[in-house]
Amino acid sequence: MASAAEQLAANLNFGAFAKAEELKKRIWFTLGALLVYRLGTYIPIPGIDAQAVAGGQPAEASLLLDAPQGFVSFGEDDAGELYLVALDGSLYRITAEET
């Protein structure tokens, strides 16, 4: 009596994968999306000091980055004010710094 692994190996038909055009398209799309994502991580973002972020040094007026919570979502209300939602459910309103 053959084990389950041996039965599975005996029943594999790799020729069926060659005919699965839809599967090929989905795999190529996923690989392309991953490539775009990985290349996009190297594009500099205006206004962000990459050396300060990489070095772990908070930039000036970065109170939001110093917060102990992780933020999971953001939104905007009808008045145009921005809000952040933390992992613990806390809601924060983003305001301009008074100078």
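Keep in mind the model is a prediction, meaning the values are calculated, not measured. (Residues numbered from 1 in each chain as written. Predicted model: local features only at pLDDT ≥ 70, side-chain atom pairs only at ≥ 80, totals over all residues. Heavy atoms only, no water.)

(A) Quick peek at the overall build of the protein chain. Scanning the protein chain from terminus to terminus reveals four helices and three strands. Listing every helix and strand of the protein chain by position from the N terminus yields α-α-α-α-β-β-β. Counting across all 99 residues of the protein chain, residues that qualify as buried make up 4%. Pairs at least 24 apart in sequence give 2% of the contacts found in the protein chain among residues at least 6 apart. Accessible area for the protein chain stands at about 9200 Å²; split by element, carbon and sulfur atoms hold 63% of it. (Helix = DSSP H or I, 4+ residues; strand = E, 2+ residues; numbered from the N terminus. Buried < 20%, exposed > 50% of the residue type's maximum accessible area, 1.4 Å probe, protein only. Contact = heavy atoms within 4.5 Å. Areas by Shrake-Rupley, 256 points an atom, 1.4 Å probe, with all protein chains shown as cover.)

(B) How the structure looks around the sheet that holds strand β1 (residues 71-76). On the basis of which strands lie adjacent, the open sheet formed by three strands has the order β1-β2-β3 and antiparallel pairing. Here the strands that pair on one side only, and so sit at the sheet edges, are β1 and β3 (91-94). Strand-to-strand twist of the sheet, defined as the mean angle between neighbouring strand axes without regard to direction, takes the value 25°. Inspection of the sheet shows β1 paired to strand β2 (residues 82-86) by five bridges, in the antiparallel sense. Within β2, the residue paired with F74 across the bridge is L84. (Pairing = 2+ DSSP bridges. Axes fitted to C-alpha atoms, helices over the stretch in contact; angles between N-to-C directions.)

(C) Region of the structure containing the pattern of salt bridges. Within this structure, the stated rule accounts for two salt bridges. Between K24 and E21 there is a salt bridge, with the nearest N and O atoms lying 3.6 Å from each other. Of this pair, K24 and E21 both sit in helix α3 (residues 21-40), separated by three residues, roughly a single helical turn. In this structure K24 comes out as partly exposed when scored by relative accessible area, which is 36%. (Salt bridge = Lys/Arg side-chain N within 4 Å of Asp/Glu carboxyl O.)

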